[in-house]
Amino acid sequence: MEKRVVFHGKLLPFLLLAPQLLVTLIFFYLPAGQAVWQSFLVQDAFGLSTEFVWFENYQILFAKGEYYRTMLTTAIFSSLVAFFSLSIALLFAVQADKHIKFATGYKTLLIWPYAVAPAIAGVLWLFMFQPSLGLVSQAIRAAGFEWNPLLDQNHAMALVVMAATWKQISYNFLFFLAGLQAIPKSVIEAAAIDGATPMRRFWTIIFPLLSPTTFFLLVVNIVYVFFDTFGIIDAATQGGPAKGTETLVYKVFSDGKSGGDLGGSAAQSVVLMVIVIALTAIQFRYVERKVQY
Amino acid sequence: MSDVRLDAVRKVYPGGVEAVKGVSLEIADGQFCVLVGPSGCGKSTLLRMVAGLETISGGTCAIDGKVVNEIEPAERDIAMVFQNYALYPHMSVYDNMAYGLRNRGTPKDEIDARVKEAARILEVEPFLARKPKALSGGQRQRVAMGRAIVRKPKVFLFDEPLSNLDAKLRIQMRVEIKKLQRALKTTSIYVTHDQLEAMTLADQLVVMNKGQVEQAGAPLDLYEKPQTIFVAGFIGAPPMNLVTVPEAGLPGLTLIERPAGPVVLGIRPEHLHEQPMGPDTLTVEIVVSAVEAVGAETYLYGALHGHGPELIVRVPGRATHAPGQRIRACAEASQLHFFNPQTGRRID
Ligand SMILES: Nc1ncnc2c1ncn2[C@@H]1O[C@H](COP(=O)(O)OP(=O)(O)OP(=O)(O)O)[C@@H](O)[C@H]1O
Ligand SMILES: [Mg+2]
């Protein structure tokens, strides 16, 4: 017989839920609501008067070519980071799955970057690639390549992509490894007996069976690149040079703080919010269905 | 010709476990060989070495006269049916069966013909478009068989293929596997720990224990002339009665002819009968402690002379015996087995 504790009355469940609800309310819904409210307002330059302007902030935002440029930058940045962090993590996971003997040490090393704060990761990479003093920069220069992320936009982009990828590999690695270990060994053995080369086994059996994991990670990584890379960009390039690495989330910050355009910046964060909600919705809809076999 | 020949094959796992300790076997072309033995005796390990899924630590394995120790599983021209079926979960039944042929670059129309043929034989035609998830255990089992037969390999390897099925389906599939193997005449090695499966399927039955072959031969030879105490106790259900008889004999047990010295006496429950029929050499007196009726026959459990070793007697049909009853059972000389208690080997 199953023993069950029965609580009478409704007070206790509410009390137990209250702390979590309160935290969500204060730190999530309240700021979100504030942002939405703020996005409908315009302040004059001295912050003396505030006017309610409906969607004017959004109209201005989408009328400027600058915003589309930032979107493109973000798209390039996130595709590169998602692609590299997923494929490198998968490569590492496949190796770790094979040589499970040394895996503990190997795994520990791979997980470290995840524990490093984004800003520190940014600074770390900035130091390594700093044009005049950075260790790696000196090596690159010695090889005859003119490396300067402070002046060249592509170099700056490469720098932040590397830093953001490096930080995300750990997370992806763990999920891929768990995914690989969930594939029954006998299925792989059956494929080997069926005459599939290791390469073919990977692409026709392992990769398709990992697709739910891959899709989940893809969405998680895009959300990560959209938001969590703020620290890396701020520390490494500040969105420069000439806004070459300015992503949507960085633009919210620079327009609001440095530009003083609170209404416009709030409108941008509302756009970002909509993007995340959409991504999450896609994830919930499709992780269950399409990607399952 | 595609015989399998194992010569002093050994397997030492990393970590030092010696799972197979020098097994030599000869499986003739078209023969159905069944490996049985208790859990952990190395049956799967031996099979996986033939498949090429485990490296061979010592000795040689030859298929069709060619040593395959260093040859990849794909090049050994074998097919294996796994206990959990190991179907590709993301592929349809058709693709599951076609996969091995596609990997080998078989022409498309031949693949189609072979898959359809296999599906017809195994009666899985209605499910060709389905994924394994949407099949019952028995249907998955058939697909796994289909995947093995489409390739027309030299050798079939089975690792407890029926152990995940319910009792009724298991008997049905057992009969079908036997028929299929007879029809295809493909050399087969079949691992099981179900001794009924072993007895009914095998041309050659191999009893393994602790990484070694205890005895190999025709199933009825093993039943009639077990060479060791282990085989005597393993083959047959309910198991053979094994009684250690000292030189001086045992109370309640009369033996007219017996080898000298202490022996282990073996007598099957079905060879003990209550009415003396001719020149019986063994007579035992048993106090019945339990009665087990299974319909066609009844098993009587009881201790020799009331407090000696436990014995089982089979009586045909319904029995009227009750616990506490004292009975007398006899057996003919030809049904008795004697073993050396030290070596465990048969004394003839
Ligand atoms: N990968 C492995 N590494 C180390 N030891 C192993 C490995 N696989 C099996 N063994 C050991 O080898 C012995 C034989 O195992 P095997 O799987 O061949 O037994 P089996 O006869 O198939 O048993 P069962 O009937 O339970 O399947 C066991 O003692 C087992 O613990
Ligand atoms: Mg086994």
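You'll find the structure just up there.
Residues numbered from 1 in each chain as written. Chains lettered and ligands numbered in written order. Predicted model: local features only at pLDDT ≥ 70, side-chain atom pairs only at ≥ 80, totals over all residues. Heavy atoms only, no water.

Undergrad: Any chance you could explain the interface of chain A and chain B here in plain terms?
TA: The parts lose accessible area when they come together, and the size of an interface is often stated as this lost area. On the chain B side, the residues contacting the 19 residues of chain A number 24 residues. Summing both partners gives a buried area of about 1700 Å² for chain A against chain B, and 58% of it is carried by carbon and sulfur. Scanning the region where chain A abuts chain B turns up two salt bridges. As a salt-bridge pair, Asp194 of chain A and Arg151 of chain B come within 3.1 Å of each other at their nearest N and O atoms. Seen at the junction of chain A and chain B, the total is twelve residue pairs in polar contact (both at pLDDT 80 or more). In terms of residue count, the dominant contributor to the side of chain A that touches chain B is helix H8 (residues 185-193) of chain A (eight residues). For the side of chain A that touches chain B, a count of residues per class yields eleven nonpolar, three polar and five charged. (Contact = heavy atoms within 4.5 Å. Buried area = accessible area lost by both parts, 1.4 Å probe. Salt bridge = Lys/Arg side-chain N within 4 Å of Asp/Glu carboxyl O. Polar contact = N/O pair within 3.5 Å; in protein donor to acceptor, adjacent residues only side chain to side chain. Helix = DSSP H or I, 4+ residues; strand = E, 2+ residues; numbered from the N terminus. Nonpolar A, V, L, I, M, F, W, Y, C, P; charged D, E, K, R; others polar.)

Undergrad: What exactly am I supposed to notice about the site of ligand 1 here?
TA: Residues and elements named next belong to chain B. Around ligand 1 sit Tyr13, Ala19, Ser39, Gly40, Cys41, Gly42, Lys43, Ser44, Thr45, Glu160 and His193, and that is every residue in its neighbourhood. In the environment of ligand 1, an oxygen atom lies 3.4 Å from a nitrogen or oxygen atom belonging to the side chain of Glu160. Relative to its unbound accessible surface of 640 Å², ligand 1 loses 60% to contact with the protein. Considering every element that reaches the shell around ligand 1, the biggest residue donor is helix H1 (residues 43-51), with three residues. For the shell around ligand 1, the class distribution of residues is three nonpolar, six polar and two charged. (Near = heavy atom within 4 Å. Areas by Shrake-Rupley, 256 points an atom, 1.4 Å probe, with all protein chains shown as cover.)

Undergrad: How should the packing of aromatic side chains be read in this particular structure?
TA: In this description, a pair of aromatic rings is defined by centroid distance and the angle of the planes. Residue and element names in this part refer to chain A. Under the definition given, this model contains 17 aromatic pairs over all chains. Judged by centre distance (5.1 Å) and plane angle (40°), the rings of Phe175 and Phe216 are tilted. Remark: Phe216 occurs in helix H9 (residues 198-228) and Phe175 occurs in helix H7 (residues 153-181); sequence separation between them is 41 residues. Judged by relative accessible area, Phe216 falls into the partly exposed class, the value being 23%. (Phe/Tyr/Trp six-rings, centres within 6.5 Å; stacked < 30°, edge-to-face > 60°. Buried < 20%, exposed > 50% of the residue type's maximum accessible area, 1.4 Å probe, protein only.)

Undergrad: For this particular structure, what's the right way to read the sheet that holds strand S19 (residues 346-347) of chain B?
TA: Either a parallel or an antiparallel arrangement is found when strands of a sheet pair, and the pairing is made through backbone hydrogen bonds. Residue and element names in this part refer to chain B. Here four strands make up an open sheet; going across it, the order is S11-S13-S18-S19 and the pairing antiparallel. Two strands in the sheet have a free side with no partner beyond their single neighbour: strand S11 (241-245) and S19. Relative to strand S13 (residues 263-267), S11 runs antiparallel, the two being bridged by five bridges. Within S13, the residue paired with Asn241 across the bridge is Ile267. (Pairing = 2+ DSSP bridges.)

Undergrad: I keep staring at the packing of H8 of chain A against H9 of chain A and nothing clicks. Help me out?
TA: What describes two packed helices is the angle between their axes and the distance between those same axes. All names here are of chain A. Where H8 contacts H9, the two axes come as close as 11 Å, and the packing angle between them is 140°. Overall, the two elements H8 and H9 adopt an arrangement that is oblique. Relative to H9, the crossing made by H8 is right-handed. Together, Val187, Ile188, Ala191 and Ala192 of H8 and Arg201, Ile205 and Ile206 of H9 make up the contact between the two elements. Looking at side-chain class alone, the contact of H8 with H9 contains six nonpolar, no polar and one charged residues. (Axes fitted to C-alpha atoms, helices over the stretch in contact; angles between N-to-C directions. Parallel < 35°, antiparallel > 145°, perpendicular 65-115°, else oblique. Left-handed = near helix turned anticlockwise from the far one by under 90°.)

Undergrad: Help me understand the pairing of strand S2 (residues 18-27) of chain B in this model?
TA: On a regular strand, each side chain points to the face opposite its neighbour's, so the side chains alternate between the two faces of the sheet. Residues and elements named next belong to chain B. In terms of strand pairing, strand S1 (residues 4-12) meets S2 through seven bridges, oriented antiparallel. Counterpart to Val9 in the pairing with S2 is Val23. Between S1 and the antiparallel strand that follows it, S2, lie five residues; Gly15 among them carries a positive phi value of about 110°.

Undergrad: How should I be thinking about the nonpolar core in this particular structure?
TA: One recurring pattern in soluble globular proteins is that nonpolar side chains are buried together. Membership of the largest hydrophobic core comes to 59 residues, with the highest contact counts inside it found for Leu6, Leu46 and Leu157 of chain B. Looking at this core, the element that brings in the most residues is H9 of chain A, giving seven residues. Once residues lying within four places of it in the same chain are set aside, the contact partners of Leu46 of chain B are Leu6, Val9, Val20, Val23, Leu35 and Met208 of chain B. Listed in part, the 45 residues of the second largest apolar core include Val93, Ala119, Val124 and Leu128 of chain B. (Core = buried A, V, L, I, M, F, W, Y, C linked by side-chain atoms within 4.5 Å.)

Undergrad: Please explain empty space enclosed by the protein as it appears in this structure.
TA: With a probe scaled to a water molecule rolled over the atoms, the places where space remains empty come into view. Applying the stated criterion to the full structure yields two cavities of 30 Å³ or more. Its boundaries defined by the atoms lining it, the largest cavity holds a volume of some 60 Å³. Around the largest cavity, the lining residues are Ala190, Ile193 and Asp194 of chain A together with Ala79, Met80, Ala144, Arg147, Ala148 and Arg151 of chain B. Residue assignment for the lining of the largest cavity shows that the elements contributing at least two residues are H8 of chain A together with strand S6 (78-81) and helix H4 (137-149) of chain B. The element that contributes the greatest number of residues to the lining of the largest cavity is H4 of chain B, accounting for three residues. Residue composition of the lining of the largest cavity, by class: six nonpolar, no polar and three charged. (1 Å grid on protein atoms, 1.4 Å probe; cavity = no way out; pocket = protein on both sides within 12 Å on 5 of 7 lines; lining within 4 Å. Points joined across faces, edges and corners; volume = space filled by probe spheres on them.)

Undergrad: Honestly, H7 of chain A in this entry has me stumped. Any pointers?
TA: Note on helix geometry: an α-helix contains 3.6 residues per turn, so any two residues three or four positions apart are oriented the same way. For H7 of chain A, spanning 29 residues, the distance from its first C-alpha to its last is 41 Å, which sits close to the expected 42 Å at 1.5 Å a residue. By the largest-angle criterion, Ile169 of chain A marks the main kink of H7 of chain A, which is about 35°. (Expected span 1.5 Å × (residues − 1). Bend = angle between axes of the 7 residues up to and from the residue.)

Undergrad: Would you take a moment to explain the pattern of salt bridges for this structure?
TA: A side chain of one charge can pair with a side chain of the opposite charge when the charged atoms of the two come close. Across all of its chains, the model carries 19 salt bridges over all chains by this definition. Salt-bridge contacts for Arg102 of chain B lead to Asp95 of chain B; the nearest nitrogen and oxygen are separated by 3.2 Å. Overall, Arg102 of chain B belongs to the partly exposed group, its relative accessible area being 39%. In the salt-bridge network here, residues are joined through shared partners; they are Lys185 and Glu189 of chain A together with Lys11, Arg48 and Glu54 of chain B.

Undergrad: Which parts of the structure should I look at to understand the sheet that holds S2 of chain B?
TA: Residue and element names in this part refer to chain B. Taken in spatial order, the four strands line up as S2-S1-S4-S5 in an open sheet, and their pairing is antiparallel. Strands with a single pairing partner mark the edges of an open sheet, and in this sheet they are S2 and strand S5 (66-67). Of the pairings in the sheet, the one linking strand S4 (residues 58-63) to S5 comprises two bridges and is antiparallel in character. Pairing of Ile63 across the sheet is with Lys66, part of S5. Contacts from H1 reach S1, S2 and S4, with the element oriented near 120° to S1.

Undergrad: Sorry if this is basic, but what is going on with the environment of Leu47 of chain B here?
TA: Residues and elements named next belong to chain B. Along the polypeptide, Leu47 turns up in helix H1. A relative accessible area of 1% places Leu47 in the buried class. A sequence separation of 18 residues divides Leu47 from Gly65, and the C-alpha atoms of the two residues are 18 Å apart. For Leu47, the residues in contact, after removing those within four places along its chain, are Met80, Leu157, Phe158, Asp159, Ile189 and Val191.

Undergrad: Is there a simple way to explain the layout of surface pockets in this structure?
TA: All names here are of chain A. Space inside the largest pocket adds up to approximately 1500 Å³. The wall of the largest pocket is formed by 42 residues, among which Val94, Lys98, Ile188, Arg201 and Ile206 lie closest to the centre. Taken together, the residues of the lining of the largest pocket sort by class into 23 nonpolar, eight polar and eleven charged. In this structure, the second largest pocket spans a volume of roughly 380 Å³. Lining the second largest pocket we find 17 residues, and of these Pro31, Ala32, Ala35, Ser269 and Met273 sit closest to its centre. Of all the secondary structure elements, the ones that give two or more residues to the lining of the second largest pocket are helix H1 (11-38) and helix H12 (262-288). When residues in the lining of the second largest pocket are grouped by element, the largest group, nine residues, is from H12. Of the residues contributing to the lining of the second largest pocket, the split by class is twelve nonpolar, five polar and no charged.

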